[in-house]
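Listed below, chain by chain, are the residues.
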Amino acid sequence: MNLTRRQVLLLLPAAAAAWEFVKAGTPDQAPNYNMDEHWWGMLLDITKCIGCGSCVRACATENDVPDGYFRTWVEQYHREDWHIEAPVVSSPDGGKNGFPPGKVAGGKNFFVPKMCNHCVDSPCTQVCPVGATYHTADGVVLVDYEYCLGCRYCIQACPYGCRFFHPTKHTADKCTLCYHRISKGLTTACCENCPTGARQLADLKNPKDPIHEFLKTHTVQVLKPHLATGSKMFYNGLDGSVR
Amino acid sequence: MEGFMYPNEVELQWSVLIVLYPFLTGLVAGAFILASLERVFRVEEVKPTYRLALLTALAFLIVAPMPLQLHLGHPERSLEMYLTPHRASAMAMFGFVYMWYLMAVLLLEIWLDYRRDIVLMAQASTGAKRLLYKLLSLGSDNISEGALRVDDRAGWIITLIGIPSAFMLHGYVGFIFGSVKANPWWSTPLMPVVFLFSAMVSGIALVLLMYMVTSLLRRAPIDMRCLDTIAKYLFYTFVIDFTMEMLDLIHRIYEADESFRSLDFMVHTRLFLSQIVLQIFVGTLAPLALLALTQLMKFPEIVRKRMYAVAATLTIIGIFAMRWNVVIGGQLFSKSFLGYTTYKLEFITREGLLPAIVLMILPFFILYVLIKVLPPWHGENTGATPAETD
């Protein structure tokens, strides 16, 4: 086929746009991934979460999460004035379909996205009788579905309610931090689909990751710090009423 | 559901089968500790129940892991706990405690105690029965005085090892719950202690009842000295158990930490019947009052028998309620302390009421078989004189 200079000039921008698209959908090959170079966590910015539920839907689709169970979910908080110990919380269907418009006037209202905290000192891995749930070298807590007995001790041990008993696999299940994606250079499904950037995957071993600057300049907290689980889910703007 | 639960918490993970498991192991540990009283501490009065207690412990120990096995999502992988145990896991280590207790303590002690009878029964019987006893003797048919002395000595040492093993068996069950820091209903260092003493209470009560029932069935007279002594031990152990439980309760009420309001509400609503009514009033205060009365006043024999029987039955109901309140109660509230769920007990399902009932009856059936094969009453069915070695 003979192409004129004019045709090439017309095709080039289209090809460039198509190449960008291909690159976005084609992750790096896993053999390039070195576990020791990463230490994964996440930044969850409560001031940015609008409770749309995109993250919950994206997670369910990406990871084939059965209905009624959640690898991630969003909670809606309402607290009156100084009643910090008695917030009103709801999470209809894990916030998968968003939330109805608020009816309660006054007080403080906000959304809290939740997921596995990928704790460094995770109570769930500690109690597993066969070590079927374990830490990867890059700081992710995973479950070996071929090995899990289904005793559910880990579900009891998780203080955050992040684990569930998979109804068809008959094993424990939870967020994998989209390990199949992050180990190929992509971000997690929930981060990718958050329209406001309330969730940001963070590589704590990467000195260029913006998380370091963020952690230095913001008031950041983890959930239930008194349990000393070494959570790597960092919340910006976390209210004291959040459990 | 009431209030707010984390979405994955709505489903309860540990069912009535997991209630059965500490209940059954508790009966084992308690029965064994009662048996060891005679063997190690020379409490001669409880001698008539020694062998019965050992066989009861064995029957319940055989059934104890069955509810766990039924509960597992992948029961076919359960052996992995022994092959590739995770050393940080209390549950994995419990598997070894269980095996140690079954193989090294209970089976060995029973075998040593019965060896003389087994050899005599093999000699006195024919056919399949003879073969069975030959097999049970494991080819060790020397019942000379010297050999029996060795049996006795070895049995004594095993019982000595068996007491801390029995303590560990049930203390460990308590630790499995007590070490879950995510759950304030469970997380207390008192849990293993409370489990241990409640185990002793339930085991002693069970042996007391079994002794009365088997005597009745055999139309044999009940040794009142034995019964009074067991009742006395039941009372003392129960007082310690109740003190520990009250200490835990008072500590929680006084400290009133972040979980208290939630747990307090649960006890006054969803657990009111099983905790306040069944566990504390019916299952603890009533039997304690009955037993205290028998210690303080002199009642005729027949009255004492009835009081003991009622007290022991109520005790077992109370301890079962305690296991229920720990296991099920610990899952009824949200770890956010903002809501509550309910437990719906199904009937004919894998983890329903029917398998639970079958698993409760099974130990009695096994005990019946064990009693038939190894009669615990001295000199019966064996043509032998009472064994002097036990």
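Residues numbered from 1 in each chain as written. Chains lettered and ligands numbered in written order. Predicted model: local features only at pLDDT ≥ 70, side-chain atom pairs only at ≥ 80, totals over all residues.

On to the environment of B:Leu374. All names here are of chain B. Of note, Leu374 is situated in the segment after α14 (353-373). Under the C-beta neighbour-count criterion, Leu374 is labelled buried, with 22 such atoms within 10 Å. Once the C-alpha coordinates of Leu374 and Ile118 are considered, the two residues, 256 residues apart in sequence, prove to be 7.8 Å apart. (Helix = DSSP H or I, 4+ residues; strand = E, 2+ residues; numbered from the N terminus. Buried ≥ 20, exposed ≤ 12 C-beta atoms within 10 Å, placed from the backbone.)

What follows is about the interface of chain B and chain A. The interface of chain B with chain A comprises 30 residues on the first partner and 35 residues on the second. Those elements that place two or more of their residues in the side of chain B that touches chain A are α4 (80-83) and α5 (90-124) of chain B. If one sorts the elements of the side of chain B that touches chain A by residue count, α5(B) sits on top with 3 residues. Partitioned by chemical class, the residues of the side of chain B that touches chain A number 15 nonpolar, 10 polar and 5 charged. (Contact = placed C-beta atoms within 7 Å. Nonpolar A, V, L, I, M, F, W, Y, C, P; charged D, E, K, R; others polar.)

Another aspect to go through is the nonpolar core. Residues and elements named next belong to chain B. In terms of nonpolar packing, the biggest core is built from 172 residues, with Val28, Ala57, Val207 and Leu208 touching the most fellow members. If one sorts the elements of this core by residue count, helix α1 (residues 16-41) sits on top with 17 residues. Once you skip the residues sitting within four places of it in the chain, Ala57 turns out to touch Val28, Ala31, Phe32, Ala35 and Leu106. (Core = buried A, V, L, I, M, F, W, Y, C linked by C-beta atoms within 7 Å.)

Position of B:Gly73 relative to the elements: it lies in the loop between α3 (65-71) and α4. Taking the C-beta count within 10 Å as the criterion, B:Gly73 has 17 such neighbours and is therefore assigned partly exposed. Leave out the neighbours within four places in its chain, and B:Gly73 touches A:Leu149, A:Gly150, A:Phe165, A:His170 and A:Thr171.

Here the focus is unusual backbone geometry. Trans is the prevailing form of peptide bonds, just as negative phi is the prevailing case for residues other than glycine. Backbone geometry places A:Asp64, a non-glycine residue, at a positive phi of 55°. Counting through the fold element by element, A:Asp64 comes out in the loop between α2 (54-63) and β2 (72-79). Residue classification places A:Asp64 among the exposed positions, given that 7 C-beta atoms sit within 10 Å. The phi torsion at B:Arg219 lies on the positive side, around 55°, for a residue other than glycine. By the secondary structure assignment, B:Arg219 is in the loop between α8 (190-218) and α9 (224-255). The class for B:Arg219 is exposed, based on 6 C-beta atoms found within 10 Å.

Moving on, we come to the packing of α1(B) against helix α12 (residues 301-327) of chain B. Residues and elements named next belong to chain B. Taken N-terminus to C-terminus, the directions of α1 and α12 make an angle of 135°; their axes are 9 Å apart at the nearest point. One element, α1, and the other, α12, form an angle in the oblique class. Judged by the twist between their axes, the crossing of α1 over α12 is right-handed. Listed contacts from α12 to Ile18, Val19, Pro22, Phe23 and Gly26 of α1 are Ile319, Phe320, Arg323, Trp324 and Val327. Within the contact of α1 with α12, the residues separate by chemical class into 8 nonpolar, 1 polar and 1 charged. (Axes fitted to C-alpha atoms, helices over the stretch in contact; angles between N-to-C directions. Parallel < 35°, antiparallel > 145°, perpendicular 65-115°, else oblique. Left-handed = near helix turned anticlockwise from the far one by under 90°.)

All names here are of chain A. Judged by pairing direction, the sheet is mixed, and its 4 strands sit side by side in the order β9-β1-β11-β10 without closing on themselves. Edge positions in the sheet fall to β9 (199-203) and β10 (220-221), since each of these pairs with one other strand and no more. In terms of strand pairing, strand β1 (residues 40-45) meets strand β11 (residues 233-236) through 4 bridges, oriented parallel. Considered in β11, the bridge of Leu44 is made with Tyr235. (Pairing = 2+ DSSP bridges.)

Shape is all these values report; function is a separate question.
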